[in-house]
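Commentary on secondary and tertiary structure
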Amino acid sequence: MSMKRRLARVINQSLHQAQVSGSLNLTERPTVQIEVPKITEHGDFATNVAMILASRVRRPPRQVAEIIIQHLDAPAGMLDRVEIAGPGFINFFIHDPYWYQVLKDIQAEGEAYGRSDCGQGLRVQVEFVSANPTGPLHIGHGRGAAVGDALANILAACGYQVEREYYINDLGTQMRTLGLSLYLRLRQLQGQKVDFPDTCYQGDYVIDLARQYQANHGPVAAGEPTEAALQAWGEYAGAAILAEIRQDLDDFGVHFDHWFSEAQLFQNGSLERALAFLQDQGYLYEAEGALWFKATAWGDEKDRVVRRRNGATTYFASDVAYHWNKIKRGFDQVVDIWGADHHGYVPRLKAAVQALGTDKQFLKVILVQLVSLLRQGQPIAMTTRGGTFVTLREVMDEVGKDAARFIFLSRRSDAHLDFDLDLAKQQSTENPVYYVQYAHARLASVFRLAREREIDLQGLGEANLNRLDLPEEIALIKLLASYPDVVEAAAQSLEPHRITYFLTDLAAQFHSYYYKHRFISESEELTQARLFLVQGIKTVLAQGLQLLGVEAPESM
RNA sequence: GCGCCUGUAGCUCAGCUGGACAGAGCACCGGACUUCUAAUCCGUAGGUCGCAGGUUCGAAUCCUGCCAGGCGCGCCA
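Residues numbered from 1 in each chain as written. Chains lettered and ligands numbered in written order. Predicted model: local features only at pLDDT ≥ 70, side-chain atom pairs only at ≥ 80, totals over all residues. Heavy atoms only, no water.

**Points about the sheet that holds strand β2 (residues 45-47)**
Cut-off, in case you're wondering: Strand pairing is assigned whenever DSSP detects at least two bridges linking the two strands. Each helix is a run of H or I in the DSSP string that is no shorter than four residues. Each strand is a run of E no shorter than two, and both are numbered from the N terminus. Only heavy atoms enter the contact rule, under which two residues are in contact if any of them lie within 4.5 Å. Here an axis means a line fitted to C-alpha atoms, over the contact stretch when the element is a helix, while the angle between two N-to-C directions is reported on a 0 to 180 degree scale.
Spatial strand order, β1-β2-β4-β3: four strands in an open sheet with antiparallel pairing. Of all strands in the sheet, those with a lone pairing partner are β1 (34-35) and β3 (79-85), marking the two edges. In this sheet, strand β4 (residues 89-94) lies alongside β3 in antiparallel orientation, the contact comprising six bridges. Opposite R81, over in β4, you have F93 as the bridge partner. Strand contacts of helix α3 (residues 61-70): β3 and β4, with the helix running at about 160° to β3, the strand carrying the most contacts.

Structure follows, in structure tokens:
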């Protein structure tokens, strides 16, 4: 349990005691908020609970604080002192030696340090990437992949049952268009002059596919292709592209539990059943020859068509059926990760899941903003239509999986991201991924030397930890202590970038400490104590990097 | 026209779901390797938190209105 959670427990008990003894007349207990003050003079932790309570019990905040302090019953040795400050903050100073407990926790828990059960086994599905199989993954998909995968890792670390899913849009006009694109490229390969319209997929990968197709199946017949033939070419190309996508994601370290096919929704009739369900509930109506969903009933700005005048269902109808399927699979929570250009789609889908009988909170949508690719500080123009986009594969090849993932996770999802290819390749100060990895590699190196010197690493827990009395040592231990809270906060807010920032901070404090002090020294006692501390740092660095899907190298 | 996101140091961005004098990294300038990896470290400087109101004991954070940039607004997917 983190120090913060321990303290929260103590404060809650105090409130309970004050309530029982009649010192505070409370009908209900507030949730205790504990924060780490920016200024060390304000203690290790502070709570504003007295100020929150003041108005409810109609007493001055400082007086309420006084009562809470009187009822505190902390474990022996935990609290150095407690102060009332400012308008009514209660500041807690943890006794320095009590922090050492954290290092023992890390040793005992190892890789599991930072994990918790706050998710209580709730089933969460994270659906991400879900790129249409009409072209290779580009850099924007890469960001979605990094965010989704890290988020899934973080949720799993917090005790959620997590499933990763990729939704394949393998139906509709786009697959036909893909088939047509392939067909036209085949004709061109065979030396015929045919127009290649703007509406077709322009990328060179279609030409590559055409070559492969021709090699395997020979030339195509001349003349107007049938609809069935176009569909078949579309399926052929789609399957080939999807295989590429899977390979790219695999190499990017992203592995899905399920690949969900949109076509399946048609084949097994669940799309029609979903519409029938909404119909029964009275949420559909006919107008202008089409079938509409009453999205406005849940706050969307207009109602949405689910079946067109020509009888074909819309993409939205598929998504309704897909999310009905998610509901029926029994997830407690569903997280969809989309490109921010789809944000206008959120209200209608939120409306749909409510119409399907769930709470608004059931579906959470994370919008990932666009990535601007830079080279030497200059933006690279990218258009999917024109086929001049930079693929995830190219980025991986050029800067490596680790640098790419780390950079994708170095911003809030809803903020635009500038991705400078040259910077990402640079093995220097400016590149944050190496900064963190280097800290880990340095530590690995320290332990290699320790083993060479035959220092007993098994018994580090028995070291005299009182030797860790430097301010930077205490500060490092406090930072390690906050790690479980950071992971939990990242899970709760669905913000993986918090881990990135934590790791950068930890690496910075470590590098500074490393430069100033030697860990392996003449004093056996001091060596043991310091190695125990830095072993904790190494464990947490490795664990945090693992959540991000970035390697923790033993040497660099 | 309507909606969503963004606006914090010269640049790129954090800011712990409302807390107590606004943080970091680059860049600039000046320093540190015979000792566990210099892909590192140390130091100086730099801000009307877009603007104006409001709520609150307390606002970068919440509300309203403006301004600027990005993205959407199809019986496309």
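**Describing the protein's contact with RNA strand B**
Note the threshold: Whether a residue is near a molecule or strand depends on its heavy atoms: if one lies within 4 Å, it is near. In protein, a polar contact means a hydrogen-donor-capable atom and an acceptor-capable atom, both N or O and within 3.5 Å, with residues adjacent in sequence counting only if both atoms are side-chain atoms; elsewhere, any N or O pair within 3.5 Å suffices.
In the region of RNA strand B, 66 residues are neighbours, and H343, Y435, Y438, S445 and H517 sit closest. Among the atoms of RNA strand B close to the protein, meaning within 4 Å, 64% are from sugar or phosphate groups. The separation between a phosphate oxygen of RNA strand B and a polar main-chain atom of R412 is 3.0 Å. Between RNA strand B and the protein, one listed contact pairs a phosphate oxygen with a backbone N or O atom of H416 at 3.3 Å. With eight residues, the top contributor of residues to the surface near RNA strand B is helix α16 (residues 432-452).

**Some details on α3**
Our working rule: Exposed residues in this analysis have more than 50% of their type's maximum accessible area, buried residues have under 20%, and partly exposed residues fall in between, with area computed by a 1.4 Å probe over protein chains only. The directions from the helix axis to the C-beta atoms are what the arc is built from.
Along α3, the residues classified as buried are V64, A65, I67 and I68. The buried residues of α3 occupy an angular sector of 160° when projected down its axis, which confines them to one face. Residues of α3 that are buried in the fold lie against α1 (3-20), α2 (49-57), β3 and β4.

**Considerations on the sheet that holds strand β15 (residues 417-420)**
With mixed pairing, the three strands of this open sheet are ordered in space as β14-β13-β15. With one partner strand each, in any of the chains shown, β14 (378-379) and β15 form the two edges of the open sheet. Where strand β13 (residues 371-375) and β15 come together, four bridges link them in parallel fashion. Its bridge partner being in β15, L373 is matched across the sheet by F419. Its contacts with the sheet put helix α14 (residues 401-408) on β13 and β15, and the angle it makes with β15 is roughly 160°.

**Remarks on helix α10 (residues 270-281)**
Threshold: In a helix, the anticipated span is given by 1.5 Å times the number of residues less one.
In this model α10 runs 16 Å from its N-terminal to its C-terminal C-alpha over 12 residues, within 8% of the 16 Å that 1.5 Å per residue would give. Among all positions of α10, only S270, L271, A274, L275 and L278 are buried. On an axial view of α10, the arc spanned by its buried residues comes to 145°, and they lie on one face. Packing partners of the buried residues in α10 comprise α9 (262-267), β8 (284-287), β9 (290-293), β10 (304-307), α11 (315-328) and α12 (346-355). The positive-phi residue at the C-terminal boundary of α10 is G282, with phi of around 80°.

**Thoughts on the packing of aromatic side chains**
Within a pair of aromatic rings, the relevant descriptors are the distance that separates the centres and the angle that separates the planes. Operational definition: Each aromatic pair joins two rings of Phe, Tyr and Trp (for Trp, the six-membered one) with centres within 6.5 Å, and gets the label stacked for planes under 30 degrees apart, edge-to-face for over 60, and tilted for any other angle. Over a ring means this: the NZ of a Lys or the CZ of an Arg is within 6 Å of the ring centre and within 35 degrees of the ring normal.
With the rule as written, the count across this model stands at 26 aromatic pairs. Between Y183 and W233 the ring centres are 5.0 Å apart and the planes differ by 25°, which places this aromatic pair in the stacked class. Residue Y183 is located in helix α6 (residues 173-189), and its partner W233 is located in helix α8 (residues 227-251); the two are separated by 50 residues in the primary sequence. Here Y183 matches W233 in class, with each residue buried. Ring geometry for Y283 versus W298: centroids 4.9 Å apart, planes at 85°, classification edge-to-face. With Y283 in the loop between α10 and β8 and W298 in the loop between β9 and β10, this pair connects stretches of sequence that are 15 residues apart. One aromatic cluster in this structure is built from Y283, F293, W298, Y315, F316, W338 and Y345. In this structure, R81 is placed above the aromatic ring of F93, and the distance from its NZ or CZ to the ring centre is 3.8 Å. The ring of W259 carries R246 above its face, with NZ or CZ at 4.1 Å from the centroid.

**Notes on the packing of α2 against α3**
To keep things clear, this is the line we draw: Oblique is the label for every angle not falling under 35 degrees (roughly parallel), over 145 degrees (roughly antiparallel), or within 65 to 115 degrees (roughly perpendicular). In this scheme the handedness of a crossing depends on how the near helix is turned from the far one: anticlockwise by less than a right angle means left-handed, clockwise means right-handed. When residues are grouped by polarity, Ala, Val, Leu, Ile, Met, Phe, Trp, Tyr, Cys and Pro land in nonpolar, Asp, Glu, Lys and Arg in charged, and all others, Gly among them, in polar.
Closest axis-to-axis distance for the α2/α3 pair is 8 Å, and the angle between their directions is 115°. In terms of orientation, α2 lies roughly perpendicular with respect to α3. Two packed elements cross with a definite hand, and for α2 against α3 that hand is right-handed. Here V49, A50, M51, L53, A54 and V57 of α2 come into contact with α3, specifically with P61, V64, A65 and I68. Residues that form the contact of α2 with α3 fall into these classes: 10 nonpolar, no polar and no charged.

**Looking at the layout of surface pockets**
Rules: In this analysis a 1.4 Å probe is tested at points of a 1 Å grid over the protein atoms alone, and where it fits but cannot get out there is a cavity; an open set with protein on both sides within 12 Å along at least five of seven lines is a pocket; lining residues have an atom within 4 Å of a point. Grid points are joined across faces, edges and corners, and a volume is the space filled by probe spheres set on the points.
Taken as a whole, the second largest pocket spans an internal volume of roughly 900 Å³. In terms of lining residues, the second largest pocket is bounded by 34 residues, among which V36, P37, D44, K478 and L479 are the most central. Listing elements by their share of the lining of the second largest pocket, those giving two or more residues are α1, β1, β4, α4 (96-109), α17 (471-493) and α18 (497-516). Per-element accounting of the lining of the second largest pocket gives the leading share, 10 residues, to α17. For the lining of the second largest pocket, a count of residues per class yields 18 nonpolar, five polar and 11 charged.

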